[in-house]
Amino acid sequence: MAGPHIAALATAEKRTIPLAALSAVCLATPLFYPLAFPIAWIGLVPLLIALQTQRWQIAFAASVLFGFVFHGLANYWLVPTISNLAPFAQSTKQAMAIWAVVGFFALLLWQSLFSVLFGMLVWWVGQRCGNKWLVPAVGSSWLLTEWLRSLGTFGYPWALLASTQVAFLPIVQLAAWVGSFGLSGIIALINAFLFQWWWERKSIFLLLAFAILTLSCSFGWLEIRRVEKQANLSSHLKVAVVQGNFGMERWRPDVTFEELREILKTHLSLSEQAAKRGAKLIVWSETALPWRLRDNGVWGYGASELFEFVKQHKVVLFVGAGEWREGKSYNACFVFAPEGKLSGEEVAHKIRLVPFGEYLPGREWFPWLEKILPHAPVETAPGQRRTETVLRVGNKVVKPAIVVCFESLFPFHIRHLVGNPLTSTHIANLIVIITNDSWFGNTLAPYHHARIAVLRAVEMRRAVVRGAGTGISLVVAPTGKVVQASKWDDRCVLIASVPLMEKSSGYQIWGDLPFVVLALATLAVAWRKR
């Protein structure tokens with residue numbers, strides 16, 4: 001009797017590899033094709049099937065493969081991006097190509113650790129409790145591992161399960177209450193019920209999966225109507241995004257002054273078009289001006305033209321440029337206002353920096369890293385606190401939360417920048433994101449990075465104005481609806497009227513902590529059960 005059983009077990013274990021890979025491909029597909037979002041509702045099922053094994057080694061291998069394939073597909077663009085940095089990193093093209101491969105596999109290894117943690121938690125619950133606690137364990141484990149991989153110096157919440165749903169706004173509305181990590185947990189929960197139905201052939205699990213989906217979508221549709229009514233009652237502001245479409249070439253060491261002057265001239269010309277069309281707040285991209293606009297309090301080239309422009313056209317300008325202050329270089333967003341600010345600062349410094357891109361982690365303790373790893377000639381310093389700028393634009397008061405590039409990936413960081421009504425008296429009523437995605441080329445990265453703005457808009461119930469140098473620029477409503485969007489590699493101006501929402505979302509008030517605690521409690525209960 002043992003022979004056939006062992007043979008059947010061996011055959012089943014051989015399927016774990018293709019099942020894990022299939023699961024990774026299914027979950028990555030909506031990142032490339034957002035309209036394929038329903039695949040994410042079942043995409044985790046093959047991996048859950050692969051984890052139904054008696055041997056932890058098989059579960060471990062399946063989890064590793066899933067992590068490498070999923071994160072490899074989501075981050076493939078990193079290789080050409082790093083390879084093309086040779087002229088800007090004081091290195092040769094061949095050396096940067098090698099470092100690109102090394103960096104890519106290092107990232108895969110790091111991100112896959114969280115996939116392994118998820119897989120082993122699910123496998124452990126299955127072994128300890130059977131399938132009785134599998135469904136809540138899947139949802140809890142996925143939420144926890146996504147949250148954990150967003151923390152610390154190397155936090156990188158790219159390609160969250162929630163981001164597979166940006167094309168389907170009804171279910172995205174849940175993010176206003178449970179955040180992106182909570183939404184990811186709910187999608188994982190749906191997958192777990194569908195797996196349970198397939199594994200046990202009990203229709204109750206299928207009904208529960210459809211019930212969660214139906215209730216989530218119904219709630220989402222009602223939420224969209226409710227928020228739209230709130231938005232209609234709010235004061236509106238006409239905003240514009242200027243996409244100058246100057247790529248990596250503006251960072252060449254041999255760039256001429258004439259080329260830099262053309263960058264300023266083009267942005268001012270496009271901004272003038274926006275002002276003539278009624279825009280009162282105009283957003284340029286991150287490092288739209290690729291030089292230090294202010295050096296230890298002294299304004300540099302272009303500042304006088306910017307002051308004159310806002311005074312003449314009576315508009316507010318958000319301009320990405322560099323600032324040098326007390327021996328440190330900052331990635332900054334300057335705010336130029338014709339009437340001046342009511343309070344706060346006229347510049348926001350990027351707080352959350354890209355490790356190994358804008359700075360070398362551990363450089364203070366391991367100075368030899370600078371000799372080994374490629375790096376920018378001048379390291380960027382992190383901003384120390386959020387800005388609390390208040391502007392008067394016409395007869396409206398605008399309180400912008402200014403987000404720079406990489407920062408937009410982190411839900412809890414945006415919550416901090418907007419403000420928690422329980423702990424802060426300054427609550428932003430508009431989110432302004434500036435970014436420079438030209439480094440990535442026409443890959444998945446600029447598109448997925450842009451779509452993340454949909455989640456940030458819904459989580460905070462704020463309109464988002466996103467300026468990207470070469471694309472993709474967006475204007476997003478508080479419901480997550482994309483009002484205006486640019487194309488990649490296009491010089492254009494986007495104009496839209498957005499509401500200045502004042503009411504706080506549920507997620508803005510309580511954040512991630514309640515759901516992290518709930519997930520931990522669920523796994524703790526599973527530990528005590530058999």
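Quick caveat, the model's predicted, so the values are computed rather than measured. (Residues numbered from 1 in each chain as written. Predicted model: local features only at pLDDT ≥ 70, side-chain atom pairs only at ≥ 80, totals over all residues. Heavy atoms only, no water.)

Novice: How would you summarise the overall build of the chain if you had to cite specific residues and measurements?
Specialist: When you go through the chain residue by residue, the secondary structure sums to 18 helices and 16 strands. Taking 2.2 N^0.38 as the reference for a compact globule, 530 residues should give roughly 24 Å; the C-alpha atoms of the chain span a radius of gyration of 24 Å, in line with that estimate. Each principal axis of the C-alpha atoms in the chain carries an extent, and together these give about 90 × 55 × 40 Å. Classification of the 530 residues of the chain by burial places 58% in the buried group. For the chain, the share of sequence-separated contacts (at least 6 apart) that also reach a separation of at least 24 residues comes to 73%. (Helix = DSSP H or I, 4+ residues; strand = E, 2+ residues; numbered from the N terminus. Rg over C-alpha atoms; globule rule 2.2 N^0.38 Å. Buried < 20%, exposed > 50% of the residue type's maximum accessible area, 1.4 Å probe, protein only. Contact = heavy atoms within 4.5 Å.)

Novice: Quick one: what's the story with helix α13 (residues 303-313), residue by residue and with numbers?
Specialist: If you check which residues of α13 are buried, you get Ala 303, Leu 306, Phe 309, Val 310 and His 313. Mapping the buried residues of α13 onto a view down its axis gives an arc of 125°, with all of them on the same face. The exposed set on the far side of α13, more than 90 degrees from its buried face, consists of Ser 304, Lys 311 and Gln 312. Where α13 is buried, its residues contact α12 (257-276), β2 (281-283), β3 (292-295), β4 (298-299), β5 (316-325) and β6 (328-336). Of the residues trailing α13, Lys 314 is marked for its positive phi of about 55°. (Arc of directions from axis to C-beta.)

Novice: Requested: an account of the pattern of salt bridges, with residues and values cited.
Specialist: Summed over the entire model, instances satisfying the criterion amount to 17 salt bridges. Put simply, Lys 399 and Glu 502 hold a salt bridge, and the shortest N to O gap is 3.5 Å. In this pair, Lys 399 sits in the loop between β10 (396-398) and β11 (400-404) while Glu 502 sits in the loop between β16 (492-499) and α17 (506-510), placing the two residues 103 residues apart along the sequence. In this structure, Glu 459 and Arg 456 form a salt bridge, with 2.8 Å as the shortest nitrogen-oxygen distance. Of this pair, Glu 459 and Arg 456 both sit in helix α16 (residues 444-460), 3 residues apart, which is roughly one turn of that helix. (Salt bridge = Lys/Arg side-chain N within 4 Å of Asp/Glu carboxyl O.)

Novice: Describe in detail unusual backbone geometry, supporting the description with residues and values.
Specialist: Of note, the amide linkage connecting Gly 471 to Ile 472 takes the cis form, showing an omega dihedral of 5°. For Ala 159, which is not glycine, the phi torsion reads 60° and is therefore positive. As for its position among the elements, Ala 159 is in the loop between α8 (134-148) and α9 (169-172). Unlike most non-glycine residues, Arg 201 shows phi in positive territory, near 55°. Here Arg 201 lies in the loop between α10 (175-200) and α11 (203-233). Judged by its relative accessible area of 58%, Arg 201 is exposed.

Novice: An account of empty space enclosed by the protein is needed here, citing residue identities and associated values.
Specialist: Within this structure, the stated rule accounts for 5 cavities of 30 Å³ or more. By volume, the largest cavity is sized at about 90 Å³. Phe 66, Phe 70, His 71, Gln 111, Phe 114, Ser 115, Phe 118, Trp 142, Thr 145, Glu 146 and Arg 149 together form the lining of the largest cavity. Among the secondary structure elements, those contributing two or more residues to the lining of the largest cavity are α5 (56-75), α7 (93-129) and α8. Sorting elements by how many residues they give to the lining of the largest cavity places α7 first, with 4 residues. Per-class residue counts for the lining of the largest cavity are 5 nonpolar, 4 polar and 2 charged. (1 Å grid on protein atoms, 1.4 Å probe; cavity = no way out; pocket = protein on both sides within 12 Å on 5 of 7 lines; lining within 4 Å. Points joined across faces, edges and corners; volume = space filled by probe spheres on them. Nonpolar A, V, L, I, M, F, W, Y, C, P; charged D, E, K, R; others polar.)

Novice: Help me get a handle on the sheet that holds strand β15 (residues 482-485), residues and values and all.
Specialist: Within the open sheet, the 5 strands sit side by side as β11-β12-β13-β14-β15. Their pairing is mixed. Each edge of the open sheet carries a strand with a single partner, namely β11 and β15. Strand after strand, the sheet turns through a mean of 15° between neighbouring axes, direction not considered. The sheet contact formed by strand β12 (residues 430-435) and strand β13 (residues 464-468) spans 5 bridges and is parallel. Within β13, the residue paired with Thr 435 across the bridge is Ala 468. (Pairing = 2+ DSSP bridges. Axes fitted to C-alpha atoms, helices over the stretch in contact; angles between N-to-C directions.)

Novice: Pulling in residues and values, what's your account of the packing of aromatic side chains?
Specialist: Applying the stated rule across the entire model yields 31 aromatic pairs. For the pair Trp 110 and Phe 114, a centre-to-centre distance of 5.3 Å together with 90° between the ring planes defines the contact as edge-to-face. In this pair, Trp 110 and Phe 114 are both assigned in helix α7, 4 residues apart and thus about one turn of the helix distant. The class for Trp 110 is partly exposed, based on a relative accessible area of 33%. Phe 114 sits in the buried class, given a relative accessible area of 12%. Between Phe 118 and Trp 142, the ring centres sit 4.9 Å apart and the planes meet at 85°, which makes this aromatic pair edge-to-face. Here the residue Phe 118 occupies a position in helix α7, and Trp 142 occupies one in helix α8, the gap between them amounting to 24 residues. Each of the two residues, Phe 118 as well as Trp 142, counts as buried. Every member of this aromatic cluster is reached through a ring pair, and the members are Phe 37, Trp 41, Phe 168 and Trp 221. The ring of Trp 198 has Arg 201 sitting right over it, with the charged end atom 5.0 Å from the ring centre. (Phe/Tyr/Trp six-rings, centres within 6.5 Å; stacked < 30°, edge-to-face > 60°. Lys NZ or Arg CZ within 6 Å of the ring centre and 35° of its normal.)

Novice: Describe the pairing of β6, with residues and values.
Specialist: Burial within β6 is extensive, with 8 of its 9 residues counted as buried. Of the strand pairs in this sheet, β5 and β6 are connected by 9 bridges, and their pairing is antiparallel. For Gly 322, the partnering residue across the bridge sits in β6 and is Asn 331. Once β5 ends, the chain turns through 2 residues before running back antiparallel as β6, passing Glu 326 with a positive phi of about 50°.

Novice: Please provide a residue-by-residue account of a nonpolar patch on the surface, values included.
Specialist: Side chains of Val 25, Phe 32, Tyr 33, Leu 73 and Tyr 76 sit close together on the surface and give an oily, nonpolar patch of about 450 Å² of accessible area. Structurally, Tyr 33 is set in the loop between α2 (16-32) and α3 (39-42). (Patch = residues over 30% accessible without salt bridge, like charges linked within 9 Å, V, L, I, M, F, W, Y side chains within 5 Å. Areas by Shrake-Rupley, 256 points an atom, 1.4 Å probe, with all protein chains shown as cover.)

Novice: So what about the side chain of Ser 271? Which residues, and what values?
Specialist: Note on placement: Ser 271 falls in helix α12. Accessibility expressed as a relative area gives 0% for Ser 271, which makes it buried. A distance of 2.7 Å separates a polar atom in the side chain of Ser 271 from the backbone oxygen of His 267. At a separation of 2.8 Å, a polar atom in the side chain of Ser 271 contacts the side chain of Trp 284. Excluding residues within four positions of it along the chain, Ser 271 makes contact with Val 242, Ile 282, Trp 284, Phe 309 and Leu 317. (Polar contact = N/O pair within 3.5 Å; in protein donor to acceptor, adjacent residues only side chain to side chain.)

Novice: Just give me the short version of the environment of Thr 92, but keep the residues and values in it.
Specialist: Locating Thr 92 in the fold gives a position in the loop between α6 (78-83) and α7. Along the sequence, Thr 92 and Glu 262 sit 170 residues apart, while their C-alpha atoms lie 29 Å from each other.

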